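# Architecture and fold: a report
Chain residues, written in single-letter form:
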Amino acid sequence: MNIRSSARPAPRGLAVAFALAAVLVASVAVTAASAATTLTVAQALAAQDGRTATVTGYVVGQPTGATTVLRSGFTADTAIAIADTAAETGPGRMLYVQVTAAYRSTFGLLTNPGLRGQRITATGALTAYFSHGGLKNPTAMTLGGTAPSPSQSSTPAPTPTAPGGGYDTTYYADAMGKSGTALRGALHSIIKVQTKLSYDQVWEALRDTDQDPANSNNVILLNTGRSQSKTSNGGGVDDWNREHVWAKSHGDFGTATGPGTDVHHLRPEDVSVNSTRGNKDFDTGGSPVAEAPGCYTDADSWEPRDAVKGDVARMVMYMAVRYEGTDGWPDLELNQSVNNGTAPYHGRLSVLLQWHRADPPDAFEKRRNQRIHERWQGNRNPFVDHPEWASAIWG
């Protein structure tokens with residue numbers, strides 16, 4: 001008896017349709033997978049083949065040509081340049097992102113000059129723009145890493161609240177469990193890895209790091225506590241300028257790139273108050289400073305207002321650990337003197353430790369530390385994240 005199978009081959013047309021559908025599904029899957037992977041700017045620049053991808057980077061300016069990027073005085077909302085660090089100045093390490101009409105109200109630099117320095121995420125085609133590595137026809141743009149939305153407003157990055165700022169198992173891994181010289185050496189090795197800013201870039205950094213929490217158009221001045229317009233910087237009466245909390249003459253490093261431009265110890269300050277403080281060491285007592293209520297000074301020392309005493313202490317502690325004389329800069333040290341002059345020392349250590357304990361890090365200082373790490377230098381002040389490390393090193 002002959003037994004015939006009841007299965008019949010599919011019609012040729014239907015088989016072709018199935019094959020085409022499979023190819024289409026595979027193509028969609030590949031495209032989706034490509035878009036789902038978030039790339040760095042460096043990776044995006046190396047993959048200029050038209051694929052759809054999602055890229056995260058910091059806004060560094062407005063591209064106007066293959067090798068020209070405006071960092072201020074923006075002229076249009078149609079394109080932005082992003083990079084892997086907020087302080088990047090080399091166009092060759094920037095990705096040019098087209099800003100289409102749907103996103104210009106939020107991501108155009110002419111309309112939103114404060115966007116510079118902020119991290120964004122964009123999804124689009126990796127293809128040349130201005131004959132330069134680019135991302136065109138974006139389908140999503142968002143601040144930070146939250147859900148894409150062309151109308152999303154700018155909000156500060158959250159400050160970690162976990163012990164050590166949430167960086168104990170990553171950033172501070174080599175320092176955990178150590179004390180004394182071993183801890184100091186480990187912290188130096190960690191925090192010396194940083195992006196170095198020019199002195200001009202410090203202006204922009206301070207507008208971000210010292211922003212008034214109650215008024216995004218202003219900065220808070222260190223010793224006066226005054227909230228002042230971000231744009232009123234300069235050398236005129238009642239302008240603000242850049243105060244070196246570790247006085248730049250203590251080691252004679254000036255304003256050259258390095259300790260002279262390290263934002264961890266640079267703060268906005270009233271011009272005349274900055275001049276009054278000069279290069280004095282830190283100590284208690286003296287005469288009240290009329291323009292800076294709560295501050296006192298005498299011939300050789302300066303006492304800041306109570307609200308920032310701990311901030312000052314932690315800034316100079318950072319400098320003493322960051323600059324150990326190993327990278328061409330002076331070996332900065334804390335001591336008990338208030339007559340250090342041009343020597344690479346700052347005092348008075350015992351008073352700074354008292355201030356550090358009496359005025360622990362607050363939300364403003366923690367946010368500042370986070371901003372410098374995320375947007376400007378890529379390193380942190382360990383004494384903000386771990387206040388107990390001050391006594392572990394200096395007793």
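Everything below is about the structure printed above this text.
For the structure given in this document, a descriptive report is provided here. (Residues numbered from 1 in each chain as written. Predicted model: local features only at pLDDT ≥ 70, side-chain atom pairs only at ≥ 80, totals over all residues. Heavy atoms only, no water.)

### Observations concerning the pattern of salt bridges
Two side chains carrying opposite charge are able to pair once their charged atoms lie near each other. Per the stated rule, a full pass over the model turns up 19 salt bridges. The partner of Glu324 in a salt bridge is Arg184, and the shortest N-O contact between them spans 2.7 Å. In this pair, Glu324 sits in the loop between helix H7 (309–322) and strand E17 (333–334) while Arg184 sits in helix H4 (residues 180–191), placing the two residues 140 residues apart along the sequence. We classify Arg184 as buried; its relative accessible area is 13%. Between Glu365 and Arg314 there is a salt bridge whose closest N-O contact spans 2.8 Å. With a gap of 51 residues between them, Glu365 in helix H9 (residues 363–376) and Arg314 in helix H7 connect regions that are remote in the sequence. Salt bridges here are not isolated pairs; linked through shared partners, they connect Asp208, Arg367, Arg371 and Arg375. (Salt bridge = Lys/Arg side-chain N within 4 Å of Asp/Glu carboxyl O. Helix = DSSP H or I, 4+ residues; strand = E, 2+ residues; numbered from the N terminus. Buried < 20%, exposed > 50% of the residue type's maximum accessible area, 1.4 Å probe, protein only.)

### Focus on the packing of aromatic side chains
Scanning all chains against the criterion turns up nine aromatic pairs. Aromatic side chains Tyr96 and Phe130 sit 6.4 Å apart centroid to centroid with 80° between the ring planes, which places their arrangement in the edge-to-face category. Taken together, the positions of Tyr96 in strand E5 (residues 95–98) and Phe130 in the loop between strand E6 (119–126) and strand E7 (134–143) put the pair 34 residues apart, joining distant regions of the chain. Its relative accessible area of 0% is what places Tyr96 among the buried residues. Residue classification places Phe130 among the partly exposed positions, given a relative accessible area of 37%. The structure contains a cluster of three or more aromatic residues connected by ring pairs, namely Tyr167, Tyr171, Tyr172 and Trp389. A cation over an aromatic ring shows up here: Arg242 above the ring of Tyr199, its NZ or CZ 3.6 Å from the ring centre. In this structure, Lys309 packs its charged tip against the face of Trp355, placed 5.7 Å from the ring centre. (Phe/Tyr/Trp six-rings, centres within 6.5 Å; stacked < 30°, edge-to-face > 60°. Lys NZ or Arg CZ within 6 Å of the ring centre and 35° of its normal.)

Structural measurements only, silent on function.
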